[in-house]
Amino acid sequence: MKKKLFKYWLLAPAFIFICGTTLYPLMRSFWISLHDWDLKESAEMGPFIGFDNYIRAFSDSQFWNSVWITIIFTASTVILTLTLSIIVALLLSKDKKYLSYLRVVLIIPFALSPALVGFSWRFMLNPDYGLFDKIIGFLIPPLADVVWLGSSTTAMIALVSVVVWIWLPFMSLMFISGLMGMPREVFEAAQMDGATRLQTLFHITLPMLKPIILIASILMTMFTLKAFDPIVTLTQGGPGDSTEVLNFFIYKTGFRFFDMGYSSALGYILALITIVFVIIYMRRLVKGDEWN
Amino acid sequence: MELMSRGAALPQKKKLISKKTMSILEVLCVILVAIFLFLPIFWIVITAFKPESEVYTTSLFFQATLDNFKTVFGSAFDLGKYYTNSIIVVLFTLIITIPVSVLASYSLSRFQMRGKQVFMFAILATQFIPLVVNVIPFFIMFRNWGIIDTTLALIIVNLGHTIPYAIWLTKGFIDRIPVDMEEAATIDGANRLQVLWHILLPLAKPGIITATVFCFVITWNEFMFALVLTQQDAVTLPVALSFFNGEKGVLWNQMAAAGIVFVLPTVVFMLLVRKQFILGMTSGGVK
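Since the model is a prediction, treat every value here as computed from it, not as a measurement.

Things to note about the overall build of chain A
Along chain A, the regular secondary structure elements total 13 helices and 0 strands. Reading the secondary structure of chain A in the N-to-C direction produces α-α-α-α-α-α-α-α-α-α-α-α-α. For chain A, the spread of C-alpha atoms along the three principal axes comes to 75 × 75 × 35 Å.

Let's talk about the overall build of chain B
Broken down by element type, chain B carries 12 helices and 2 strands. Residues classed as buried in chain B amount to 41% of the 287 residues present.

Notes on the domain arrangement of chain B
When the parts of a complex come together, some accessible area is lost, and that lost area is often used as the size of the interface. As far as domains go, chain B holds domain 1 (2–48) and domain 2 (72–286). The interface is formed by 4 residues belonging to domain 1 of chain B together with 6 residues belonging to domain 2 of chain B.

Thoughts on helix 8 (residues 152–180) of chain A
All names here are of chain A. End to end, helix 8 covers 41 Å across 29 residues, agreeing with the expected 42 Å (1.5 Å per residue, within 8%). At Leu168, helix 8 shows its largest kink, close to 40 degrees, and the proline Pro169 lies no more than four residues downstream. For helix 8, the buried fraction is high: 21 of the 29 residues fall into the buried class.

Observations concerning the confidence of the model for chain B
All names here are of chain B. Per-residue pLDDT for chain B averages 83, and the proportion of residues at 70 or more is 90%. Across chain B, element-level confidence peaks in helix 4 (residues 79–110) with a mean pLDDT of 92 and bottoms out in strand 1 (residues 245–246) with 70. For this predicted complex, the interface confidence reaches an ipTM of 0.84, while the overall pTM sits at 0.86.

Section: the interface of chain A and chain B
Opposite the 64 residues of chain A that make contact, chain B presents 64 residues. A class-by-class count of the residues in the side of chain A that touches chain B yields 46 nonpolar, 12 polar and 6 charged.

Thoughts on helix 9 (residues 184–192) of chain A
For helix 9 of chain A, the buried fraction is low: 0 of the 9 residues fall into the buried class. Looking one or two residues past helix 9 of chain A, Gly194 of chain A carries a phi angle of roughly 80 degrees, positive in sign.

Structural notes on unusual backbone geometry
All names here are of chain B. The backbone of Asp78 sits at a positive phi, close to 65 degrees, despite the residue not being glycine. Following the sequence through the fold, Asp78 ends up in the loop between helix 3 (67–73) and helix 4. In this structure Asp78 comes out as partly exposed when scored by C-beta crowding, with 14 C-beta atoms within 10 Å.

Details of the packing of helix 7 (residues 151–175) of chain B against helix 9 (residues 192–220) of chain B
Residue and element names in this part refer to chain B. Contact geometry for helix 7 and helix 9: axes closest at 9 Å, N-to-C directions at 155 degrees. As the angle between them shows, helix 7 and helix 9 are arranged roughly antiparallel. Crossing handedness for the pair helix 7 and helix 9: right-handed. Packed against helix 7, whose contacting residues are Asn158, His161, Thr162, Tyr165, Ala166, Leu169, Thr170, Phe173 and Ile174, the element helix 9 presents Ala204, Pro206, Gly207, Ile208, Thr210, Ala211, Phe214, Cys215, Ile218 and Thr219 at the interface. For the contact of helix 7 with helix 9, the residue count by class is 12 nonpolar, 7 polar and no charged.

Describing the environment of Phe61 of chain B
All names here are of chain B. Inspection of the secondary structure assignment puts Phe61 in the loop between helix 2 (52–55) and helix 3. Since 5 C-beta atoms lie within 10 Å of it, Phe61 is described here as exposed. Sequence separation of Phe61 and Leu193 is 132 residues, and the distance between their C-alpha atoms is 61 Å.

Section: the packing of helix 3 (residues 61–92) of chain A against helix 8 of chain A
All names here are of chain A. It is at 7 Å that the axes of helix 3 and helix 8 come closest, and there the two elements cross at 40 degrees. On the basis of the axis angle, helix 3 is oblique to helix 8. As helix 3 runs across helix 8, the sense of the crossing is right-handed. Its residues assigned to classes, the contact of helix 3 with helix 8 comprises 20 nonpolar, 5 polar and no charged.

Rules of the game
- Residues numbered from 1 in each chain as written.
- Chains lettered and ligands numbered in written order.
- Predicted model: local features only at pLDDT ≥ 70, side-chain atom pairs only at ≥ 80, totals over all residues.
- Helix = DSSP H or I, 4+ residues; strand = E, 2+ residues; numbered from the N terminus.
- Buried ≥ 20, exposed ≤ 12 C-beta atoms within 10 Å, placed from the backbone.
- Domains from an automatic or database assignment.
- Contact = placed C-beta atoms within 7 Å.
- Expected span 1.5 Å × (residues − 1).
- Bend = angle between axes of the 7 residues up to and from the residue.
- pLDDT = per-residue confidence, 0-100.
- Nonpolar A, V, L, I, M, F, W, Y, C, P; charged D, E, K, R; others polar.
- Axes fitted to C-alpha atoms, helices over the stretch in contact; angles between N-to-C directions.
- Parallel < 35°, antiparallel > 145°, perpendicular 65-115°, else oblique.
- Left-handed = near helix turned anticlockwise from the far one by under 90°.

Spelled out as structure tokens, the structure:
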């Protein structure tokens, strides 16, 4: 009998901690999302209003604006990061001494705090003395006078570039480990058959990378939807509300306007969006669909 | 035969040239990637050693100084305090997370249990939910308990984030350790806990190290919880960086100095366990 219980004793501490620090708050915030609660007015939860907070979101133009921004931000970040990291991985996965050193230090950008990166970008994009601003102005003179964080489009570009920069090394390392684990014989056989580099890339390398590409897309979509630090440190959602992605919009609703019920409801909507994405990817992963 | 080989030699030469240009092109691309990834870091490092008069220029030639580091650790900014806060939060989070998760993953990996798959999926699913949703009830609870702006509050919230990750990472590792040795030890009369301590732990060490470093990095860099739950006393390093927004504008040289001291531990740890880390992340995911 004691032996039978042993496995549960081992699991119990983790179970208790997860219930206390994750499950309980999640259920609690769902409960809060069904109430009208302005923390500025009262420390007690307001009246029960059912799903009104969720319905309110659908007629809230700020919410839709934020959804739209989230889609643009996520799509461009995920596509850019994945494409670039496959290219970087192809470049760095060769068997050369100097590349192996580069592979070692590649992890460094990933270890940096996203908050610090966000602040640094603001420094380097400064129109008066920023390094990036100067370099871009030197390379592409027509862009010399752009105030990067001053207009909607350029601020979004800046934000995407930060998130791409943060995740590119990690994603590249994932692809590198995939590429270096591939059997050499396949490539040798392809070369013998006279396949060009591009043919090898599209007909052998990429199909073989497919499982990693899918995992990377899931992870990258999740990370991008959850991105928060770079937005706070770089743009604060601005100028106006042009970079106000959902995650930041929820934070603002909750901790600047203290509209707890609405903020929780928005949080659950974002969670739902994330889960839908993950399920779509997962089904592809399980079924092993063609990857285009 | 001879004719054929001579005929083949010509296009081969052409191919060789194009191969050379290709490899030069490749090297150029590699350099471009390296610049893109490391120029910002280089610039932060440079800025940290600049005297104030040089910060607002892009000059590379200046009298390097350690003044910025002295200033940020001085009484006016007191980086030491925030550093201590960060260390306390990370230390206690890890001390709780790692043993708890290792025991749980051992149990999940080695025993049949009803609802095991559901449990594993549930803890993964909680990670899909944006952290803001977690913070709202905690913020209210902690306000009622009067522990807003304490490191205790941050430790509690961080645990909800680190334990699920750590279980996923270590379980993947333990799954791949063959059970034979544990069975042999059990036959020799060792009890379950002895088996766990003397046989499994040494074998699972790479997995445990990976999980520890991963949890270290996410807790050390954690920003949102600290932003919401701290104001002054318990502020950790990532939020402390925003304190350099002074009346005179942002003091970039000091922020860079503080930033370097802040990221140093994560960079060092990451470099030390890089190989195991990538292995753990990818194999855990692909499986």
